[in-house]
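# Results of the structural survey
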Amino acid sequence: MAEQKLSAAPRPIQGVRRSTTHSGVTHVRTYQSGQYVVVGNHLAQHRDLSLTAIGLATHIFSVPESTPVDIRSLTERFPEGRDRIAFALRELEAHGYLRRVRERTEDGQLVTRTYAHHAPVDVASAGVTGIERPPVGGRARTRDAVAGVSREETAQEDYLAPCEVPSDSAAAVEPDVVAPSVEPPAPAPRGPLHEKAVTLLAGLRRADERLTLSLRDVHRLAPAVVDWLERGAAPAAVLRTLTADLPVTMKHPAGVLAYRLRELLPPPLPAAPEPPPVTAAVHRPHPFQECDGCERVFRAPEPGRCRDCRYGQATAEGTVRAA
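Below is a summary of the structure that appears in this document. (Residues numbered from 1 in each chain as written. Predicted model: local features only at pLDDT ≥ 70, side-chain atom pairs only at ≥ 80, totals over all residues. Heavy atoms only, no water.)

### Here's the deal with the packing of aromatic side chains
- Under the criterion given, the structure shown has zero aromatic pairs.
- For the cation-ring pair, Arg77 lies above Phe78, with the distance from its terminal atom to the ring centre recorded as 4.6 Å.
- In this arrangement the basic side chain of Arg299 is found over the ring face of Phe288, its NZ or CZ atom lying 3.9 Å from the centre. (Phe/Tyr/Trp six-rings, centres within 6.5 Å; stacked < 30°, edge-to-face > 60°. Lys NZ or Arg CZ within 6 Å of the ring centre and 35° of its normal.)

### What about the packing of helix H2 (residues 51-62) against helix H4 (residues 82-94)?
- Where H2 meets H4, the axes come as close as 9 Å, and the angle between the chain directions of the two elements is 80 degrees. When the axis of H2 is compared with that of H4, the two are roughly perpendicular. Across the interface between the two elements, Thr52, Ala53, Leu56, Ala57 and Ile60 from H2 touch Arg84, Ile85, Ala88, Leu89, Glu91 and Leu92 from H4.
- Its residues placed into classes, the contact of H2 with H4 shows eight nonpolar, one polar and two charged. (Axes fitted to C-alpha atoms, helices over the stretch in contact; angles between N-to-C directions. Helix = DSSP H or I, 4+ residues; strand = E, 2+ residues; numbered from the N terminus. Parallel < 35°, antiparallel > 145°, perpendicular 65-115°, else oblique. Contact = heavy atoms within 4.5 Å. Nonpolar A, V, L, I, M, F, W, Y, C, P; charged D, E, K, R; others polar.)

### Remarks on the pairing of strand E1 (residues 98-104)
- Most of E1 sits out of view: six of its seven residues are buried.
- Both E1 and strand E2 (residues 110-117) contribute to a ladder of seven bridges, which runs antiparallel. Residue pairing in the sheet places Val101 in a bridge with Arg113 of E2.
- Following E1, the chain reverses through five residues before pairing antiparallel with E2; Gly108 in that reversal takes a positive phi of roughly 85 degrees. (Buried < 20%, exposed > 50% of the residue type's maximum accessible area, 1.4 Å probe, protein only. Pairing = 2+ DSSP bridges.)

### Points about the pattern of salt bridges
- The tally for this structure, following the rule as stated, stands at six salt bridges.
- One salt bridge connects Arg100 with Glu93, and the closest N-O pair in it is separated by 4.0 Å. (Salt bridge = Lys/Arg side-chain N within 4 Å of Asp/Glu carboxyl O.)

### Considering the environment of Ile85
- As for its position among the elements, Ile85 is in helix H4.
- Those residues in contact with Ile85 that sit more than four places away from it in its chain are Leu56, Leu74, Thr75 and Glu80.

### Remarks on helix H10 (residues 253-263)
- For H10, the full list of buried residues reads Pro253, Ala254, Leu257, Ala258, Arg260 and Leu261. Looking straight down H10, one finds its buried side chains confined to an arc of 165 degrees; they lie on one side.
- Against the buried residues of H10 lie helix H8 (215-230) and helix H9 (235-243). (Arc of directions from axis to C-beta.)

### A closer look at the nonpolar core
- Counting 23 residues, the largest nonpolar core has Leu201, Leu204, Leu213, Val238 and Leu242 as its most contacted members.
- Among the elements that make up this core, the one with the highest residue count is H8 (seven residues).
- Those residues within four positions of Leu242 in sequence are excluded, and the remaining contacts are Leu200, Leu201, Leu204, Leu211, Leu257, Arg260 and Leu261.
- Core analysis: the next-biggest nonpolar cluster, separate from the first, contains 19 residues, Leu56, Ile60, Val69 and Leu89 among them. (Core = buried A, V, L, I, M, F, W, Y, C linked by side-chain atoms within 4.5 Å.)

### A word on the side chain of Gln289
- Secondary-structure assignment places Gln289 in strand E4 (residues 288-290).
- A polar side-chain atom of Gln289 sits 3.3 Å from the main-chain carbonyl oxygen of Ala300.
- Once residues lying within four places of it in the same chain are set aside, the contact partners of Gln289 are Arg296, Val297, Phe298, Ala300, Pro301, Glu302 and Pro303. (Polar contact = N/O pair within 3.5 Å; in protein donor to acceptor, adjacent residues only side chain to side chain.)

### Quick look at the packing of H8 against H9
- At a minimum axis distance of 10 Å, the contact between H8 and H9 shows a crossing angle of 130 degrees. Between H8 and H9, the angle is such that the two are oblique. The crossing of H8 and H9 is right-handed. Between H8, through Val225, Trp228 and Leu229, and H9, the contact on the second element is made entirely by Pro235, Val238 and Thr241.
- A class-by-class count of the residues in the contact of H8 with H9 yields five nonpolar, one polar and no charged. (Left-handed = near helix turned anticlockwise from the far one by under 90°.)

Right, here's the structure in full:
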């Protein structure tokens, strides 16, 4: 019977210690002399945050102060789309890792300051915990938050929750007190034109399958369609404008439709001309009369002879007088 030969033990990897476990991860730690960021396990192993939110928070913690961390800047920096980045920012804000505050600078310009908490704070008391409100035009002084200022953009505010707006008097007199948050305005009432616009946008996929819009895009584009309808444009004209001569390659159909609705908006329909005034006396033709001489029918206000008979009678009388 042949002797069983055991396989030789694998050669250890240079610089990597042997692990006592049979599977799973093995940490290969390297000393970092600089250019590193400390991330707590409360974030790295968070049970409720998505992987995108955890990675985005790590990136925000690693950038220096005053680095733009708005949706547009992050979309240009990372391959994730705008919706995923916006959803991740809302996650971090809901769990107390981010807070956004609108402030006015010395020249009166409105900016959005983002506070990144390296340790999560209670969302209800996020306006006081760990942050000192800087004076108007000043710089934030805090040890557990990194503040980044970016311009206020309408497109980004659609994706993020409402933030706190301090009054000018509160910012100038009491810089350490956070003003109460302002409730968002109530949505405008939707009339029949809005429902007609939603129906038109939802039915675009019948003309072209590439124009299949999400419910969010439909409600976002509906006010622009309402502007067309209020200016006297027929729904068929709006449909023709949105579906005619579409590009062959169309990655974002909602953006194409928004551009056409904005750039091809017709002018308001001019007022209809006033009808001519109605006169009091209406001209009516004379009634029919029967000629007493030739019995021909003619129009005249009173019975008598026709024009030919009157002319013949006048000629005969003139001849008699001349004789």
